[in-house]
Amino acid sequence: MKRFILIIPIIVFIIIIAVLSVMTLQTKEGRNPSIVPSALLGKEAPNIELPMLARNIPGGFKGSDLVGRVNIVNVFSSWCVPCLAEHPQISWLATNGFPIYAINHRDNVSDASNWLKKHGNPYVAVGFDPEGRASLEWGVGGVPETFIINASGIITYKHIGPITKEILKEKILPKLHEAKR
Amino acid sequence: MIPEIGLFVLFLALIIAAIQAVVPMVGAVRQDVYLMALGNRLAVIQFFLVTISFTSLIYAFVISDFSLLIVYNNSHSLKPLLYKISGVWGNHEGSMLLWVLILSMFGAALAIWGKNISPTLKARVLSVQSMIGVAFLAFILFTSNPFLRLNPVPSDGRGLNPVLQDPGLAFHPPLLYLGYVGFSMAFSFAVAALIEGKIDDKWGRWVRPWALAAWVFLTAGIALGSWWAYYELGWGGWWFWDPVENASFIPWLLGTALLHSSVVVEKREGFKNWTVLLAILTFSMSLLGTFLVRSGILTSVHTFATDPERGLFILLILFVTIGGALGLFAIRAPIIKNNFKFAPVSRESALLYNNLFLTIGCAIVLLGTLYPLFLEFASNGESKVSIGPPYFNITFLPIMIPLVAAIAVGPMLSWKRGVIGELYVKLLFAAGSCLITIFIVLILVPEGPILAACSMGLAAWIAAGCLIEWASRIRLFNSKSITNTGRLIKSSKSANGMTLAHLGIAILIVGITGASAWQKEITTSMAIGETIKVNNYSLTLKKVQIGKGPNYNLERGTFSLIKSNNSSIIMHPERRYFPVARQATTEAAIKTTLLADFYLVIGESRDTIDNKNEWTVRFYINPMMFWLWLGVATMVLGGLLSLSDRRRGISIPVRKKA
């Protein structure tokens, strides 16, 4: 019995080392430890009110506006280069019948309005969040980020980083169909 | 030429370390006095060689020798001298060299000062210490060579991460490493004792000063790191339960347990196996901490240089070092006999209780730190979580309350068999102080929370308990008061050190309670001339100036903070932009008073709709922050006082048998 107790430390240790080695190997092969899914997954979208950006841009919305159908919420900024890269995909989604709301993250009125004028405005509504207060509620770590919200207003998926064509096909569309069920 | 010398002597150091790892051990087995004594010389030579290597690296940084890759990547000719020097360990390669320097320094210190330690044990300790040295020297030379040259030579460097351009970097990592690596001595003593198969009171007396020194350094290192994060990150907080912070806190908890359990070995020849295990585990956790910081498998706000490739190498070192030690423990521990009994109420029980709670606390922090990795592993990458302050507050704090509450009682108990009855009056007095404190706090801060008042009461209970125990030890209240001063001087420094360190905990609790329960935080945006009100204070943004530092541009706000009684202070928070690194840092303006810190951060400016300039401003009132730092400083002082006890000094005179 006593012998067994004395062996426990080394057994626990070997288990820890084994797990750490596997994780280190995965990190070496491109696992990104900083991507942590939102704590909001499976929870209701935060009901914080986002003001409109400017008079000529449809906008202002709050979490409860997102109930009743599957919606997408996209976080963008005019200063964010990857946001521009994903903009064609966002526009494609909009023209194919997916309503997209936007959180304009840490931006200013003139830059954001010009950006939308120049690259097109695919959004149903744009909410202005210059201080990132609403983004904090939504658990946004950086731009761009995209949320899928089902008809009961529950966040079912969150994508961090730009939506490329591949990601659109392999992740976003399947997740949108899942959310519809 | 000088970097080549640095590299060459590092190779020599590896060879010397390899010899030192074998020769004294063989000497101890053969009882060969000459071979054993050779260990001392080799340890000093090894230290000397690593010092030369380290100095040559510092030299390369000071003269901005950009032909070295490490200098090019981490320095810049415009950087102030202090940051050129501290930049040496602000990166992976240099910090590992510092690690090895400290490791060999401890070996040399034992060789020079450990004159009274039995020669065979000392020879074995030096061997084990050098085995660790071989592993890390090989690690540096084969995966992290700091002396790599660049061709062609760049005209200027890429600069040091701006967050690291702070006096904090000059002191925090060296102190932390002195603590981490200091526990290698306890580890080597433990492994040497297992090899020798003999652990007695002398072993306890020899290992304790090393463990205590490491504990003092680690405590100071963690506190300095926390202070640095407090003023540099600009988040208003001082502890974030971040993996890297936990990585230093885990060995601290075990090291604290080790300090307490080794007393039992020293005084009563008890808890021998347990103390040996603790010594092994404490250093193991230091190594694990090094691994977690270096490998980048966890995310952290403090990780600056990560590389999974090197992480694997460190893991290999961990596997061999700790696996070997724990394997040895499993095999050899049964032969170490414990012939030791104590009553349920006794100093031994109190120390057992201390160890139990510290170990559980440590397990909780370790679990919280590694759990995200284990979950990700078990679910094959599907589920990921991050574990933050809520987990630790719910699980760790409840374990710490019974632990710290016992500080008032433990030192009053006598060895072998204590009598509760004797403590009755003393404890009644401490309980009285506790209740009075709760009462006073509730009157002063009627809005609560009640838990904060209780926590202040806990601090009073501990402090009262410590002071009563100290007073009765030096017989403060006995009639012949003239002899008291003499008694105070004679009363052992190590016992006074203990009292001081325990008082430090009480003061620390005051600080932690104030800063966490009563903190006020306001985040808003302000235009020039605007005023906000927080509690009894009004804060006005007077102006924002634009200026230039040695290697950065800055925006400097001028705020006036006016109290209700019209006393006002001016505060200057800064936002610095480093063009070389294209990165901004915040310099919080902190005004410290006895009762609260006023902490002000100025953020980015932005245009509002009507084209006015506004700045994001975060303002914190952190009550009792000063006491938090004072508490840790008192703990460190207590440790130093105890360390200065000549009976326990590094070279211990042989104690006469009573």
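Above: the structure in question.
Before going into details, it helps to say that this report is about the structure given with it. Every chain is numbered on its own, with residues counted from 1 as its sequence reads. Starting at A for chains and at 1 for ligands, labels are handed out in the order in which the entities are written. Local features in this predicted model are restricted to residues whose pLDDT is 70 or higher, and side-chain atom pairs enter the listing and the counts only when it is 80 or higher, whereas totals over whole chains, interfaces and linings include all residues. Hydrogens and water are ignored here; the side-chain numbers use all heavy atoms of the structure.

1. Description of the overall build of chain B
Reasoning step 1: A tally of helices and strands in chain B yields 18 helices and 10 strands.
Reasoning step 2: For the radius of gyration, the atom set is restricted to C-alpha positions; the globular benchmark scales as 2.2 Å times the number of residues to the power 0.38. In summary, chain B has a C-alpha radius of gyration of 27 Å against a globular reference of 26 Å for 658 residues, a match within 12%.
Reasoning step 3: For chain B, the spread of C-alpha atoms along the three principal axes comes to 85 × 75 × 60 Å.
Reasoning step 4: Each residue's exposure class comes from its accessible area (1.4 Å probe, protein chains only) as a fraction of the maximum for that residue type: buried when under 20%, exposed when over 50%, partly exposed otherwise. Residue burial in chain B is summarised as follows: out of 658 residues, 59% are buried.
Reasoning step 5: Within chain B, contacts between residues at least 6 apart in sequence are counted, and of these 73% link residues at least 24 apart.
Reasoning step 6: Working note: accessible area of chain B is about 27800 Å², and carbon and sulfur atoms make up 66% of it.
Reasoning step 7: Charge assignment: positive for Lys and Arg, negative for Asp and Glu; neither His nor the chain ends contribute. Throughout, a charge is located at the NZ atom of Lys, the CZ atom of Arg, the CG atom of Asp or the CD atom of Glu. One finds the centroid of the 52 positive side-chain charges in chain B at a distance of 14 Å from the centroid of its 33 negative side-chain charges. Numbering goes from the N terminus for both helices and strands, where a helix is a DSSP run of H or I of at least four residues and a strand is a run of E of at least two. Note on contacts: a residue pair is in contact if any heavy atoms of the two residues lie within 4.5 Å. Values of accessible area rely on a 1.4 Å probe in the Shrake-Rupley scheme; residue burial ignores everything except the protein chains shown.

2. Description of the sheet that holds strand 4 (residues 100–105) of chain A
Residue and element names in this part refer to chain A.
Reasoning step 1: Here, a strand pair is defined by DSSP locating no fewer than two bridges between the strands. The 5 strands lie next to each other as 5-4-3-6-7, forming an open sheet whose pairing is mixed. What marks the edges here is a single partner per strand, and that holds for strand 5 (125–129) and strand 7 (155–160). The mean inter-strand angle of the sheet, taken between neighbouring strand axes irrespective of direction, is 20 degrees.
Reasoning step 2: Sheet topology places strand 3 (residues 71–76) next to strand 6 (residues 145–149); 5 bridges connect them, and they run antiparallel. Looking across to strand 6, one finds that Val73 is bridged to Phe147.
Reasoning step 3: Think of each axis as a best-fit line through the C-alpha atoms, taken over the contacting stretch in the case of a helix, with angles from 0 to 180 degrees between the N-to-C directions. Here helix 2 (residues 81–95) sits on the sheet and contacts strand 3, strand 4 and strand 6; the angle it forms with strand 3, its principal contact strand, is near 160 degrees.

3. A closer look at the packing of aromatic side chains
Residues and elements named next belong to chain B.
Reasoning step 1: Any two of the Phe, Tyr and Trp rings considered here, Trp counted by its six-membered ring, make a pair once their centres fall within 6.5 Å; the pair's planes then place it as stacked at under 30 degrees, edge-to-face at over 60, or tilted in between. One pass over the full model with this rule turns up 28 aromatic pairs over all chains.
Reasoning step 2: Centroid distance Tyr230 to Tyr599: 4.9 Å. Interplanar angle 55 degrees. Geometry classified as tilted. In this pair, Tyr230 is assigned in helix 8 (residues 201–232) and Tyr599 in strand 9 (residues 596–607), connecting sequence segments 369 residues apart. Residues Tyr230 and Tyr599 agree in their burial class; the two are buried.
Reasoning step 3: Feature note: the residues Trp215, Trp239, Trp241, Phe249, Trp252, Tyr391, Phe392 and Phe396 constitute an aromatic cluster, connected by ring pairs.

4. Describing the side chain of Thr513 of chain B
Residues and elements named next belong to chain B.
Reasoning step 1: Note that Thr513 resides in helix 17 (residues 493–517).
Reasoning step 2: Polar contact is defined as a pair of N or O atoms within 3.5 Å, subject to the rule that within protein one atom must be able to donate a hydrogen and the other to accept it, and that residues adjacent in sequence are counted only when both atoms are side-chain atoms. In terms of polar contacts, Thr513 uses its side chain to reach the side chain of Ser455, at 2.7 Å.
Reasoning step 3: For Thr513, the residues in contact, after removing those within four places along its chain, are Ala452, Ser455, Met456 and Trp518.

5. What about the interface of chain A and chain B?
Reasoning step 1: The interface of chain A with chain B comprises 30 residues on the first partner and 36 residues on the second.
Reasoning step 2: Salt-bridge detection follows one rule: a side-chain nitrogen of Lys or Arg within 4 Å of a carboxyl oxygen of Asp or Glu. Seen at the junction of chain A and chain B, the total is 0 salt bridges.
Reasoning step 3: The tally of links from chain A across to chain B stands at 0 residue pairs in polar contact (both at pLDDT 80 or more).
Reasoning step 4: Looking at the side of chain A that touches chain B, the element that brings in the most residues is helix 1 (residues 2–28) of chain A, giving 19 residues.
Reasoning step 5: In this classification, Asp, Glu, Lys and Arg are treated as charged, Ala, Val, Leu, Ile, Met, Phe, Trp, Tyr, Cys and Pro as nonpolar, and every other residue, Gly included, as polar. A breakdown of the residues in the side of chain A that touches chain B according to their chemical character gives 19 nonpolar, 6 polar and 5 charged.

6. Describing the nonpolar core
Reasoning step 1: Within the largest apolar cluster, 180 residues are counted, with the highest numbers of intra-cluster contacts made by Phe189 and Trp203 of chain B.
Reasoning step 2: In this view, Phe189 of chain B contacts Leu110, Ile117, Leu121, Val125, Trp203, Trp206, Val207 and Trp210 of chain B; residues no more than four positions away in its chain are not counted.
Reasoning step 3: Here, nonpolar core means buried Ala, Val, Leu, Ile, Met, Phe, Trp, Tyr and Cys residues that are tied together by side-chain atoms lying within 4.5 Å of each other. Formed by 44 residues, the second largest nonpolar core is a distinct cluster that contains Phe61, Val75, Tyr101 and Ala179 of chain A.

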